[in-house]
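Now for the letters of each chain:
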Amino acid sequence: ITPYGIPRLHVKAAYVEDASGQVLFQKNPERVYPIASLTKLVSALVLLDTQPDWDRIVEILPEDVRNSSKTHIRAHEEIAVRDLIHASLMSSDNCATKALARTCGLDRSEFVRRMNVKADSLGLTGAHFVEPTGLDQENVATAQAVAKLLRTAASNTIVSTIMQKEQYTFTSDRRLHLLINTNRLLRSKYRVTAGKTGFIQEAGYCLATNIQAPTGTEITAVILGAPSNALRFAEAKRILDWTVRFALHRDIDPTEESE
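Residues numbered from 1 in each chain as written. Predicted model: local features only at pLDDT ≥ 70, side-chain atom pairs only at ≥ 80, totals over all residues. Heavy atoms only, no water.

Q: I'd like a description of the side chain of E235, backed by residues and values.
A: As for its position among the elements, E235 is in helix α8 (residues 229-247). Judged by its relative accessible area of 3%, E235 falls in the buried class. Among the polar contacts made by the side chain of E235, one reaches the main-chain amide nitrogen of H10 at a distance of 2.6 Å. Excluding residues within four positions of it along the chain, E235 makes contact with R8, L9, H10 and V11. (Helix = DSSP H or I, 4+ residues; strand = E, 2+ residues; numbered from the N terminus. Buried < 20%, exposed > 50% of the residue type's maximum accessible area, 1.4 Å probe, protein only. Polar contact = N/O pair within 3.5 Å; in protein donor to acceptor, adjacent residues only side chain to side chain. Contact = heavy atoms within 4.5 Å.)

Given below as structure tokens:
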């Protein structure tokens, strides 16, 4: 805690604002960092623009599975689009995201182009994308831009509903899948209305989440570059606790002192 009562977070960047856009806390809000799987929020928006048929069945190809980290999806499984979007947003499944981008009617270069057009149209300063999953460290944005991105994604009922689910099960043509949402705040005291996690080595542990404060105010919080998964959520809880207790009720400078 700083002398002014403002938490000194062990993360690269953090940003908190309310639904009106009032800044409640910030640390390096305009510095550009890799954002890992927070990228999937943009990919979901591009996918939605193609007006997908949620019942369409997609065959998973070996190229979808290759270098997809900890996916539980296997090559040649047949999975509905609605289940793939759940896997992408809830468990940050890279294979599911690749399959969605590959089969939505756009080639890869056009999909990525639309991701960047979407970022520009939303005014996401500093945001740039080179692929749809977030596995590439060249997918970058600022914490402030990520907050706007999450709010935009969460304004879509389908996306926000998916992001609020703690668990989801679906059956492919081969087996039953159980998805567990990677946003641990869903299992905390907060009423989470949206959220997405991300991690690659170059980005550290990232989180963007919306919560509803006891007053009814919706708060958007972004953490970029936490050094561990546990600390990502611990620091998020700390800044949210502070925001609900102090920042919503006091006229204070939301800028954290530099360490």
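So, next bit.
Q: Pulling in residues and values, what's your account of the nonpolar core?
A: Counting 59 residues, the largest nonpolar core has L84, I85 and L224 as its most contacted members. Per-element tally for this core: the top contributor is helix α6 (residues 143-154), with eight residues. Residues in contact with I85, not counting those within four places in the same chain, are A44, L47, W54, L100 and I162. Membership of the second largest hydrophobic core comes to 25 residues, among which are L24, I219, A221 and A236. (Core = buried A, V, L, I, M, F, W, Y, C linked by side-chain atoms within 4.5 Å.)

Q: Quick one: what's the story with α6, residue by residue and with numbers?
A: Within an α-helix, residues lying three or four positions from one another point in the same direction, as the helix has 3.6 residues per turn. If you check α6, its first and last C-alpha atoms are 16 Å apart, about what twelve residues at 1.5 Å a residue would give, namely 16 Å. For α6, every residue scored as buried is listed here: A143, A145, V146, A147, L149, L150, A153 and A154. (Expected span 1.5 Å × (residues − 1).)

Q: Go over unusual backbone geometry, please, and point to the residues and values.
A: Of all residues except glycine, most have a negative phi; of all peptide bonds, most are trans. A positive phi angle, close to 50°, is found at A36, a residue other than glycine. Along the polypeptide, A36 turns up in the loop between β3 (33-34) and α1 (40-49). According to the relative accessible area criterion, A36 is buried, its value standing at 0%. The phi dihedral of N67 falls on the positive side, at around 55°, and the residue is not glycine. Relative to the helices and strands, N67 is located in the loop between α2 (62-65) and β5 (78-80). The class for N67 is exposed, based on a relative accessible area of 66%.

Q: How would you explain the pairing of strand β11 (residues 218-226) if you had to name every residue and give the values?
A: With eight of its nine residues buried, β11 lies for the most part within the structure. Bridging between strand β1 (residues 13-18) and β11 involves six bridges; their strand directions are antiparallel. From the neighbouring strand, Y15 faces β11, where its bridge partner is V222. Pairing of strand β10 (residues 204-212) with β11 involves seven bridges; the strand directions are antiparallel. Paired with A208 across the two strands is V222, which belongs to β11. (Pairing = 2+ DSSP bridges.)

Q: Lay out the pattern of salt bridges with the relevant residues and their values.
A: A pair can form between side chains of opposite charge whenever their charged atoms are brought close. In total, this model carries nine salt bridges according to the counting rule given. Across the pair D55 and R82 runs a salt bridge whose closest N-O atoms are separated by 2.6 Å. Residue D55 is found in the loop between α1 and β4 (57-59), and its partner R82 is found in helix α3 (residues 81-90); the two are separated by 27 residues along the sequence. Taking the relative accessible area as the measure of exposure, D55 reaches 52% and is therefore exposed. We classify R82 as partly exposed; its relative accessible area is 34%. For D241, the salt bridge identified is with K189, shortest N-O distance 3.0 Å. Taken together, the residues span a long stretch of sequence, with D241 in helix α8 and K189 in the loop between β8 (176-180) and β9 (191-200) at a distance of 52 residues. Given a relative accessible area of 35%, D241 falls into the partly exposed group. Three or more residues joined by partner-sharing salt bridges are found here, namely E110, R113 and R114. (Salt bridge = Lys/Arg side-chain N within 4 Å of Asp/Glu carboxyl O.)

Q: Pulling in residues and values, what's your account of helix α4 (residues 94-103)?
A: Of all ten residues in α4, eight are buried, a share of seventy percent or more. Buried within α4 are the following residues: N94, C95, A96, T97, K98, A99, L100 and A101. Considering only its buried residues, α4 is in contact with α1, β4, α2, α3 and α5 (108-121). N-capping of α4 is provided by D93, with a side-chain oxygen placed 2.9 Å from the backbone N of C95.

Q: Let's hear about the environment of A80: which residues, and what values?
A: Tracing the chain through its elements places A80 in strand β5. The sequence separation of A80 and D241 amounts to 161 residues, and the corresponding C-alpha distance is 39 Å. Filtering out sequence-adjacent residues up to four positions away, A80 remains in contact with W54, D55, R56 and I57.

Q: Please provide a residue-by-residue account of the sheet that holds β9, values included.
A: With antiparallel pairing, five strands are arranged side by side in an open sheet as β2-β1-β11-β10-β9. This sheet does not close on itself; its edge strands, each paired only once, are β2 (23-27) and β9. Between one strand axis and the next, the sheet turns through 5° on average, direction left out of account. Across the face of the sheet, α8 comes into contact with β1, β2, β9, β10 and β11 while running at roughly 35° to β10. (Axes fitted to C-alpha atoms, helices over the stretch in contact; angles between N-to-C directions.)

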